[in-house]
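Observations on the three-dimensional arrangement
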Amino acid sequence: MKRIALFASGSGSNAEKIATYFADNADIDVSLIVSNNHKAGVIERARRLHIPVLLFDRKTFYETDKITQLLINQEIDLIVLAGFMWLMPSDLVRSFPNKIVNIHPALLPKFGGKGMYGHFVHEAVVAAGETESGITIHYVNERYDEGQVIYQASCPVLPTDTPDDVARNVQVLEHTHYPRVIAEVLAGLS
Ligand code: GRF
């Protein structure tokens, strides 16, 4: 049995797609949805999906090792960030080497790093006159958006596209590819 903990701070559409993808897989269990935002839409999705939710605040996350210990105790094999907005603490990254993955809504290394999240990414892509955008699924290290790339997929950006159009097209790629790439990462785990 491989166990996944999903980290999300927002709506959780990716978290839901991932949980649904593995719902009838006897070997892979989405054990936990973890969030730093008690108002996050992902909490309602977790309730509907009957997945336990763990909420924490900044102090617990950054000044204790409680979350790390809990994830170890729950025998989590892979931590999946799906719209999680905080940096992962170093002790957590060190405790799960090459076992934390993230999805970024752009073709890293372009349009990554501080402040490049959500709509800001798509606005920057349109402002830069890019002819394509896409997703990057990567391992998380202590420098966040700079971990080894696992998978990228691209979509065209037309001159008439607005940031909302790009966001919609990128989200289709997220929902299409993230669950499958997670399954491939898990298959590769010893
Ligand atoms: C997605 O755009 C993802 O690429 C980024 O955060 C967003 C999460 O969206 N990491 P949702 O909460 O899964 O709908």
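Since the model is a prediction, treat every value here as computed from it, not as a measurement.

Reading guide: rules and limits
Residues numbered from 1 in each chain as written. Predicted model: local features only at pLDDT ≥ 70, side-chain atom pairs only at ≥ 80, totals over all residues. Heavy atoms only, no water. Near = heavy atom within 4 Å. Polar contact = N/O pair within 3.5 Å; in protein donor to acceptor, adjacent residues only side chain to side chain. Areas by Shrake-Rupley, 256 points an atom, 1.4 Å probe, with all protein chains shown as cover. Helix = DSSP H or I, 4+ residues; strand = E, 2+ residues; numbered from the N terminus. Nonpolar A, V, L, I, M, F, W, Y, C, P; charged D, E, K, R; others polar. Buried < 20%, exposed > 50% of the residue type's maximum accessible area, 1.4 Å probe, protein only. Arc of directions from axis to C-beta. Contact = heavy atoms within 4.5 Å. Salt bridge = Lys/Arg side-chain N within 4 Å of Asp/Glu carboxyl O. Axes fitted to C-alpha atoms, helices over the stretch in contact; angles between N-to-C directions. Parallel < 35°, antiparallel > 145°, perpendicular 65-115°, else oblique. Left-handed = near helix turned anticlockwise from the far one by under 90°. Phe/Tyr/Trp six-rings, centres within 6.5 Å; stacked < 30°, edge-to-face > 60°. Core = buried A, V, L, I, M, F, W, Y, C linked by side-chain atoms within 4.5 Å. UniProt positions renumbered as here; feature names shortened; annotations may be inferred.

Considerations on the site of the ligand
- Taken together, Ser11, Gly12, Ser13, Asn14, Gly83, Ile103, Pro105, Gln171 and Glu174 form the complete shell of residues around the ligand.
- At 3.4 Å, a backbone N or O of Ser11 approaches an oxygen atom of the ligand.
- Note that an oxygen atom of the ligand is positioned 2.6 Å from one of the side-chain N or O atoms of Glu174.
- When the ligand is considered free in solution it has 370 Å² of accessible area, and contact with the protein chains removes 82% of it.
- Breaking the shell around the ligand down by element, the ones donating at least two residues are α1 (13–21) and α7 (163–188).
- For the shell around the ligand, the per-class residue count stands at two nonpolar, six polar and one charged.

Brief notes about helix α2 (residues 41–49)
- Along α2, the positions that sit buried rather than exposed are Val42, Arg45 and Ala46. Projected onto a plane normal to the axis of α2, the buried residues spread over an arc of 105° and lie on a single side.
- Tucked inside the fold, the buried residues of α2 contact α1, β2 (28–35) and β3 (53–55).
- Directly after α2, the chain includes His50, whose backbone phi takes a positive value near 60°.

A closer look at the pattern of salt bridges
- Applying the stated criterion across every chain, the model contains nine salt bridges.
- Across the pair Glu130 and Lys110 runs a salt bridge, and its minimum N-O distance is 3.0 Å. Note that Glu130 is positioned in the loop between α6 (119–127) and β6 (132–139) and Lys110 in the loop between β5 (100–104) and α6, a separation of 20 residues in sequence.
- According to the relative accessible area criterion, Lys110 is partly exposed, its value standing at 44%.
- Each of Glu16, Glu44, Arg45, Arg47 and Arg48 takes part in one network of salt bridges that share partners.

What to know about the side chain of His122
- Along the chain, His122 turns up in helix α6.
- Aside from chain neighbours lying at most four places away, what touches His122 is Pro105, Pro163, Val166, Ala167 and Val170.

Notes on the packing of α1 against α7
- The N-to-C vectors of α1 and α7 enclose an angle of 45°; their axes lie 9 Å apart at closest approach. When the axis of α1 is compared with that of α7, the two are oblique. The element α1 and its partner α7 pack so that their crossing is right-handed. For the pair α1 and α7, the contacting residues are Ser13, Asn14, Lys17, Ile18 and Tyr21 in the first and Gln171, Glu174, His175, Tyr178, Pro179, Arg180, Ile182 and Ala183 in the second.
- In the contact of α1 with α7, the residues fall into six nonpolar, four polar and three charged.

Notes on the packing of aromatic side chains
- With the rule as written, the count across this model stands at 13 aromatic pairs.
- Measuring from centroid to centroid gives 6.4 Å for Phe7 and Phe56, while their planes differ by 50°, and the two rings are tilted. Here the residue Phe7 occupies a position in strand β1 (residues 2–7), and Phe56 occupies one in the loop between β3 and α3 (58–63), the gap between them amounting to 49 residues.
- Relative accessible area serves as the criterion here: at 7%, Phe56 is assigned to the buried category.

Considerations on the nonpolar core
- Ranked by internal contacts, the top residues of the largest apolar core, which has 39 residues, are Ile4, Leu6, Val80, Tyr178 and Ile182.
- Among the elements that line this core, the one with the most residues is α7, at eight residues.
- Excluding its chain neighbours within four sequence positions, the residues that come into contact with Val80 are Ile4, Ala5, Leu6, Phe7, Ile18, Val101, Tyr178 and Ile182.
- Counting residues in hydrophobic clusters, the runner-up holds 20 residues, among them Ile67, Leu71, Met88 and Val140.

Description of the UniProt feature "binding site: N(1)-(5-phospho-beta-D-ribosyl)glycinamide" (unreviewed entry) in the chain
- As recorded in UniProt, the sites labelled "binding site: N(1)-(5-phospho-beta-D-ribosyl)glycinamide" (unreviewed entry) are Gly12, Ser13 and Asn14.
- Take Gly12: it is sitting in the loop between β1 and α1.
- The contact partners of Gly12, leaving out residues within four places of it in the chain, are Val42 and Arg45.
- If near-sequence neighbours (up to four positions away) are discounted, Asn14 is found in contact with Ala82, Glu174, His175 and Tyr178.

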